[in-house]
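Examining the three-dimensional arrangement
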Amino acid sequence: MVKDTNGMKVILHIGAHRTGTTSFQAYIRRDSDFMRTRRIGFWGPLRTRKGLFAGIQPGVGGGHRSARRARGRVLLQLNKAERNGIKTLLVSDENMLGTMRRNMRSRSLYGDVGERMARYATAFDGHIDTVVMSVRALNHYWSSATSYCVARGHTILEPDQLLRVAFGPRSWRDVIADVACAVPGAKIVIVPFERTAGRPDAMFQGVTGLHGPRNAAETWLNRSPTASELRNVLADRGDNPGLISGLASRWAPFDPAATAAMREAYMDDIHWLTAGADGLATLTEDLGHRGAAQTLPHGPLTRGQGHDDQERRMAEPG
């Protein structure tokens, strides 16, 4: 059961990676005055990855004692935010969901998300009201994640490994079901990346249900490296740049059959969400679209750094 922190609503925005999370977090920090006047607090990666969440997930030297300490830190900061008048606390960190490197190693989509989110639910001691997650067409997600990881030292997957990724049984539906089971008292909200690409204000609406500021709203940070950039990366580290094929701006590591399989799997996920997701999650719809049209399987859509102390001030208004 979700506990009421004297009316303070706690929202976890858990990613996924490669769905505009960096742009969204920068947008929140940039418009901190807007958030503060509306009593919206913010914990982003600049805060969560500097000790606040340490010990929630098991690691070297971790254990039950570390988990208890992490829970104590989280509850202390929740109480502090409440005392400072926060009405909605937004916690945004895509690494809550898992890591892209683990996905690459396992050739699967966030296979440990259930255990991870159960630990976060324990750390927040039932105070989580809503969990928001973005999904993206699987062929685009995996291409973007593969490009990002290769640029940061990960080896290029072999053709048989790419096929294992493309034709694997796990899709967003499985991830969503795992999250819903791990945080049973929270509302699960799903925001398609195709509705918010380059539009962090639309993501803000999907996460909070509120209309955020539109000044400099069309932002797209941390894009995937181009094929040319990836070839340069491989050449610089002594690998064969010819492993990155094609002349298109974005590298497409999957063949047409694999791409089609992932598109079909994503279509099934969206249809499942549209039909009600077995009562596990809610799919956002109207997000005030602007810009060039994009498409999801069920119809046309549109699309369009801060500092540590900024996040601290937003979580602790005067």
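Reading the values: the criteria
Each chain carries its own residue numbering, running from 1 in the direction its sequence is written. Only residues with pLDDT of 70 or above have their local features reported here, since the model is predicted, and side-chain atom pairs are shown and tallied only from 80 upward, although totals for entire chains, interfaces and linings are computed over all residues. Values reported for side chains reflect all heavy atoms of the structure, with hydrogen atoms and water molecules removed beforehand. A cavity here means a set of 1 Å grid points, computed over protein atoms only, where a 1.4 Å probe fits but cannot escape. A pocket is an open set with protein on both sides within 12 Å along at least 5 of 7 lines, and lining residues have an atom within 4 Å of a point. Grid points are joined across faces, edges and corners, and a volume is the space filled by probe spheres set on the points. Secondary structure is summarised from DSSP: a helix means a run of H or I of at least four residues, a strand means a run of E of at least two, and numbering begins at the N terminus for each. Residues are grouped as follows: Ala, Val, Leu, Ile, Met, Phe, Trp, Tyr, Cys and Pro are nonpolar; Asp, Glu, Lys and Arg are charged; all remaining types, including Gly, are polar. Each pair of aromatic rings taken from Phe, Tyr and Trp, with Trp reduced to its six-membered ring, is defined by centres within 6.5 Å and is described as stacked if the planes are under 30 degrees apart, edge-to-face if over 60, and tilted in the remaining cases. Burial status follows relative accessibility: with a 1.4 Å probe on protein chains alone, a residue under 20% of its type maximum counts as buried, one over 50% as exposed, and anything between as partly exposed. In our convention, an over-ring charge means Lys NZ or Arg CZ found within 6 Å of a ring centre and within 35 degrees of that ring's normal. We call a set of buried residues a nonpolar core when its members are Ala, Val, Leu, Ile, Met, Phe, Trp, Tyr or Cys and they connect through side-chain atoms within 4.5 Å of each other. Note on contacts: a residue pair is in contact if any heavy atoms of the two residues lie within 4.5 Å. Salt bridges are defined as contacts in which a side-chain nitrogen from Lys or Arg sits within 4 Å of a carboxyl oxygen from Asp or Glu.

1. A short note on the layout of surface pockets
In this approach, a probe sized like a water molecule rolls over the atoms, and the result shows the empty space that is left. Empty space within the second largest pocket amounts to approximately 270 Å³. Forming the boundary of the second largest pocket are 14 residues, of which Leu157, Glu158, Pro159, Leu162 and Pro253 lie nearest the centre. Considering each element in turn, the lining of the second largest pocket owes the most residues, 3 residues, to helix 8 (residues 159–166). Tallied by class, residues from the lining of the second largest pocket come to 11 nonpolar, 1 polar and 2 charged.

2. As for the packing of aromatic side chains
Within this structure, the stated rule accounts for 9 aromatic pairs. The interplanar angle of 35 degrees and the centroid separation of 6.3 Å between the aromatic rings of Trp43 and Phe124 together place this pair among those described as tilted. Of the two residues, Trp43 sits in strand 2 (residues 40–43) while Phe124 sits in the loop between helix 6 (113–123) and strand 4 (128–135), which places them 81 residues apart along the sequence. Take Trp43: its relative accessible area is 0%, and that puts it in the buried class. Accessibility expressed as a relative area gives 0% for Phe124, which makes it buried. Pairwise contacts between aromatic rings join Trp43, Phe53, Tyr120 and Phe124 into one cluster. In this structure, Arg152 is placed above the aromatic ring of Tyr148, and the distance from its NZ or CZ to the ring centre is 3.7 Å.

3. Describing the nonpolar core
Ranked by internal contacts, the top residues of the largest apolar core, which has 64 residues, are Leu12, Phe124, Trp172 and Ile176. The contacts of Trp172, once residues within four sequence positions are left out, are Ala16, Leu109, Tyr110, Met133, Val135, Arg136, Leu138, Tyr141, Tyr266 and Asp269. Within the second largest apolar cluster, 17 residues are counted, among which are Phe24, Tyr27, Ile40 and Leu287.

4. What to know about the pattern of salt bridges
One pass over the full model with this rule turns up 10 salt bridges. For Asp33, the salt bridge identified is with Arg36, shortest N-O distance 2.8 Å. Here Asp33 pairs with Arg36, and both are found in helix 2 (residues 32–37), just 3 residues apart, close to one helical turn. Accessibility expressed as a relative area gives 52% for Asp33, which makes it exposed. With relative accessibility at 22%, the residue Arg36 sits in the partly exposed group. The residue Arg102 makes a salt bridge to Asp112 at a minimum N-O spacing of 3.1 Å. Note that Arg102 is positioned in helix 5 (residues 100–106) and Asp112 in the loop between helix 5 and helix 6, a separation of 10 residues in sequence. The exposure class of Arg102 is partly exposed, given its relative accessible area of 41%. Residue Asp112 is classed as buried on the basis of its relative accessible area of 15%. Taken together, the salt bridges that share partners define one network made up of Arg49, Asp93 and Glu94.

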